[in-house]
Amino acid sequence: MSHLIVVPFILPLMIGALLSWVKDERISLQRNISLAASLALLVVALLLLSMAEQGGIQVYSMGNWHAPFGIVLVLDRLSALLLATTAMLALWVNFYALAGDDQRGRNFHALFQFQLAGINGAFLTGDLFNLFVCFEILLIASYALLLHGLGAERLRSAVHYVILNLVGSSLFLLGAGLFYGVAGTLNMADLARFVAQAQGDERYLLQAAGWVLLLVFGLKAAFLPLHFWLPRAYASATAPVAALFAIMTKVGLYAILRMTTLVFGGQTGAAAGFGLDVLFVIALLTMMLGALGAFAAGTLHSMLAYLVLVSVGTLLAGISMGSEAALTASLYYLLHSTWGIAGLFLLADLIAKQRGKLKGIFRTGAPLLTPARMGALFFVGAVSTAGLPPFSGFVGKLSLLQAAQGMQQGFLWVTVLLASLVVLLALSRAGSVLFWQHTGAIDEHARFSTPAFVSAVALIGSGVLLVIFAEPVLAFCQASAQQLLQSELYLQQLAGE
Amino acid sequence: MELWIACAIGGLVFCGVYLILRARTFPVALGLTLLSYAINIFLFSMGRLKTGQPAVIGTSASYTDPVPQALVLTAIVIGFAMTAFLLILSLRAYVILGTDHVDGSEKNKQEAP
């Protein structure tokens, strides 16, 4: 039992608590601690990744109370992969915030670390109620981060976001309570065993509980028709916050993945035929709606928010197909979309800062201060997001399309290709308005910050790296997918501990 | 006893949902509180309802399930913090936006016939 497993949860939590004691006037001290913590988190995440690569599933029992009576953290390939994705994203977002965005409100760095603690905890926990607690930690930090910098638009979107998520939390408790009432356990592996053996009335109760939880995770992942909060919230958030939120929808998708492959992963009892077909239809609709929304959006930021919806739809389609190839493609696409969209959010902020009062609105305005650099980076990000060769979006979408079988193949191909076309049109329109159509002189307040630009380059450039190292990355994703589908191994591991 | 508890939960949920749909921040906050009360009682009753039994194993022949009680305690603490946050947020929104509608504007109301 390695103590390293608990570090991604404990470290940000303690650093966050420490940072809330450091006064805002001592901003450089805050920045140093926060950046060092993000670096340390990345190192730990990479170590855990190599641990997961070598030796199966690792279980960490809190206080040495064994499952199912104690609370366990579980490290498998999937959680290690997501921890590393988060840590990488967090480091660059943190670096970007140092350019000045962290001073637009109070306690940015402390909240940032609390948010990371919640996200990492959600990825690690093997217990339904602890998943709830981690969700609440990441949510309350996200409420405050969403409001970072204040302003009317942020307040408006935050009221919606907070109320919706409070209703979501109540429903989460309802689902978890139902599970406990029927199965008498909240450990996910133990639940899976019970679900596979359930008979009679218990079957329907367990499925009802499963649907309630899917509803809650769907609200977090923002798929149709639970997506209404997302475009407004993401478009109004401060750039580093919006970029960090790129991982938030993935937390919901991760929980859905655990539900469909682990808790309802069996073929018997209440698990038989649970949910996947419905999720597939929802996924396609979400993808289409996101693409149309991106096309109709009037500002760069809200267009990017709708692109998040497209990626959620694409990922959900992969999860709902459920085969090894589809899950492999989804995991690869998850890496690509998290970093790519986050990078675009950062870039959008840099562009907006050079356009004076127009900010991200698609209207002819002053030329940019550094059009060549911004334009080139936007081009790479746009090509990657739309799924054109040679960048990572292409590899992800192609392997997803190849994974489809039977009836699903036709629907998936048509929807993915159509959505990609609409997204491509939206991105080209945005690019031509922002970089080619301009009048007058360069805005006098326009500025360019090299460190901030470097962060955007690093995140969008990951699309290039993901293609160069596509083979090892895809191999890891495939091994993760295999591990997910062999849920018996997961169950044995927990029973053995 | 089960019937009464079930009716109480149903009543609380009914009032909670009605208040949430009022779309004004203060009723919504009240509605969310009622909803979380309902959920708490529901969670509590998921350990089966018994009276006069200790939540400790081994001191008497029968006992009540202690796990839901621990869950409810956690849920209450989290719910309390979230409600406090929502109230502060609502006040801030009312002061800055000048309306207590959850959409942050009264536009919809004026457009209605």
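Residues numbered from 1 in each chain as written. Chains lettered and ligands numbered in written order. Predicted model: local features only at pLDDT ≥ 70, side-chain atom pairs only at ≥ 80, totals over all residues. Heavy atoms only, no water.

A. Seen up close, the overall build of chain A. Helices and strands together make up the secondary structure of chain A, namely 20 helices and 2 strands. Over its C-alpha trace chain A gives a radius of gyration of 22 Å, about what one expects of a compact globule, namely 23 Å for 497 residues. Seen through its C-alpha atoms, chain A measures out along the principal axes to roughly 75 × 55 × 40 Å. In chain A, which comprises 497 residues, the share counted as buried stands at 62%. A sequence separation of at least 24 residues applies to 80% of the contacts in chain A between residues at least 6 apart. Summed over its atoms, the accessible surface of chain A is roughly 17500 Å², and 66% of this surface lies on carbon and sulfur atoms. Between the averaged position of the 23 positive side-chain charges in chain A and that of its 20 negative side-chain charges there is a distance of 14 Å. (Helix = DSSP H or I, 4+ residues; strand = E, 2+ residues; numbered from the N terminus. Rg over C-alpha atoms; globule rule 2.2 N^0.38 Å. Buried < 20%, exposed > 50% of the residue type's maximum accessible area, 1.4 Å probe, protein only. Contact = heavy atoms within 4.5 Å. Areas by Shrake-Rupley, 256 points an atom, 1.4 Å probe, with all protein chains shown as cover. Lys, Arg positive; Asp, Glu negative; His and termini not counted. Charge placed at Lys NZ, Arg CZ, Asp CG, Glu CD.)

B. Main features of helix α13 (residues 300-321) of chain A. Residue and element names in this part refer to chain A. Helix length check: α13, at 22 residues, gives a terminal C-alpha distance of 32 Å against a target of 32 Å (1.5 Å per residue), a fit within 8%. Within α13, 21 of the 22 residues are buried, leaving the element largely enclosed by the surrounding structure. Looking one or two residues beyond α13, the residue adopting positive phi is G322, at roughly 75 degrees. (Expected span 1.5 Å × (residues − 1).)

C. Examining the UniProt feature "transmembrane region" (unreviewed entry) in chain B more closely. Residue and element names in this part refer to chain B. In the numbering used here, UniProt assigns the feature "transmembrane region" (unreviewed entry) to residues 6-21, 28-47 and 67-89. Helix makes up 94% of residues 6-21 and strand 0%, and the two end C-alpha atoms of the span are 23 Å apart. Secondary structure over residues 67-89 splits into 100% helix and 0% strand, and the C-alpha atoms at its two ends are 33 Å apart. (UniProt positions renumbered as here; feature names shortened; annotations may be inferred.)

D. Expanded view of the side chain of B:S45. Residue and element names in this part refer to chain B. Assignment of secondary structure puts S45 in helix α2 (residues 25-45). Of the residues examined, S45 reaches a relative accessible area of 13% and is grouped as buried. A distance of 2.8 Å separates the side chain of S45 from the backbone oxygen of F42, its partner in a polar contact. In contact with S45, not counting residues within four places along its chain, are I5 and I9. (Polar contact = N/O pair within 3.5 Å; in protein donor to acceptor, adjacent residues only side chain to side chain.)

E. Expanded view of the interface of chain A and chain B. Between chain A and chain B, the contact holds 28 residues from the first and 28 residues from the second. Across the interface of chain A and chain B, roughly 2600 Å² is buried in total on both sides, 83% from carbon and sulfur atoms. Counting every contact that joins chain A to chain B gives 0 salt bridges. Elements that contribute at least two residues to the side of chain A that touches chain B include exactly α5 (128-146) and α6 (152-183) of chain A. Among the elements that take part in the side of chain A that touches chain B, α6(A) stands out by supplying 17 residues, more than any other. Looking at side-chain class alone, the side of chain A that touches chain B contains 21 nonpolar, 4 polar and 3 charged residues. (Buried area = accessible area lost by both parts, 1.4 Å probe. Salt bridge = Lys/Arg side-chain N within 4 Å of Asp/Glu carboxyl O. Nonpolar A, V, L, I, M, F, W, Y, C, P; charged D, E, K, R; others polar.)

F. Summary view of the packing of α13(A) against helix α17 (residues 406-435) of chain A. Residue and element names in this part refer to chain A. Relative orientation of the contacting elements α13 and α17 amounts to 165 degrees, with a least axis distance of 11 Å. Between α13 and α17, the interaxial angle falls into the category roughly antiparallel. Our pair here, α13 against α17, has a crossing hand that is left-handed. In contact with L300, M303, L307, V310, A317 and M321 of α13, α17 contributes Q408, L412, V423, A426, L427, A430 and L434. Counted by class, the contact of α13 with α17 contains 12 nonpolar, 1 polar and no charged residues. (Axes fitted to C-alpha atoms, helices over the stretch in contact; angles between N-to-C directions. Parallel < 35°, antiparallel > 145°, perpendicular 65-115°, else oblique. Left-handed = near helix turned anticlockwise from the far one by under 90°.)

G. Focus on the packing of aromatic side chains. Counted according to the given criterion, the structure contains 18 aromatic pairs over all chains. Seen in terms of ring centroids, A:F129 and A:F132 are 5.5 Å apart; in terms of plane orientation they differ by 40 degrees. Their pairing is tilted. With a gap of 3 residues between them, A:F129 and A:F132 both fall in helix α5, about one helical turn apart. The class of A:F129 is buried, set by a relative accessible area of 6%. Taken together, a centroid distance of 5.7 Å and an interplanar angle of 55 degrees make the contact between A:Y234 and A:F245 tilted. Remark: A:F245 occurs in the loop between α10 (239-244) and α11 (248-263) and A:Y234 occurs in helix α9 (residues 229-236); sequence separation between them is 11 residues. Classification of A:Y234 by relative accessible area gives buried; the value is 1%. Site record: aromatic cluster; members linked through ring pairs are A:Y143, A:Y161, A:W229, A:Y234, A:F245, A:F345 and B:F85. In this structure, A:R203 is placed above the aromatic ring of A:Y204, and the distance from its NZ or CZ to the ring centre is 5.8 Å. Stacked on the ring of B:Y63, the Lys or Arg B:K50 has its end atom at 6.0 Å from the ring centre. (Phe/Tyr/Trp six-rings, centres within 6.5 Å; stacked < 30°, edge-to-face > 60°. Lys NZ or Arg CZ within 6 Å of the ring centre and 35° of its normal.)

H. Structural view of the pattern of salt bridges. All names here are of chain A. The tally for this structure, following the rule as stated, stands at 10 salt bridges over all chains. The closest approach of N and O atoms between R77 and E53, which form a salt bridge, is 3.8 Å. Of this pair, R77 sits in helix α3 (residues 77-97) while E53 sits in helix α2 (residues 27-54), and the two are 24 residues apart along the sequence. The partner of D349 in a salt bridge is K353, and the shortest N-O contact between them spans 3.2 Å. On the criterion of helical spacing, the pair formed by D349 and K353 is a turn pair, its members being 4 residues apart in helix α14 (residues 324-353). Salt bridges sharing common partners tie together D101, R104, D349 and K353.

I. Structural context of the nonpolar core. All names here are of chain A. Counting residues in each nonpolar core, the largest one holds 212 residues, and the members touching the most others are L128, F172, F179, Y234, F378 and L412. Examining the composition of this core, we find that 18 residues originate from one element, α14, more than from any other. Non-local contacts of F172, meaning those with residues more than four positions away in its chain, are made with L128, L131, F132, F135, L213, V216 and F217. (Core = buried A, V, L, I, M, F, W, Y, C linked by side-chain atoms within 4.5 Å.)

J. Just α9(A), in detail. For α9(A), the buried fraction is high: 6 of the 8 residues fall into the buried class. Of the residues making up α9(A), those classed as buried are A:W229, A:L230, A:P231, A:A233, A:Y234 and A:S236.

K. Summary view of the confidence of the model for chain B. Put simply, chain B has an average pLDDT of 87, and 94% of its residues get 70 or more. The least confident element of chain B, judged by mean pLDDT, is helix α4 (residues 107-111) of chain B at 54; the most confident is helix α1 (residues 2-20) of chain B at 94. (pLDDT = per-residue confidence, 0-100.)

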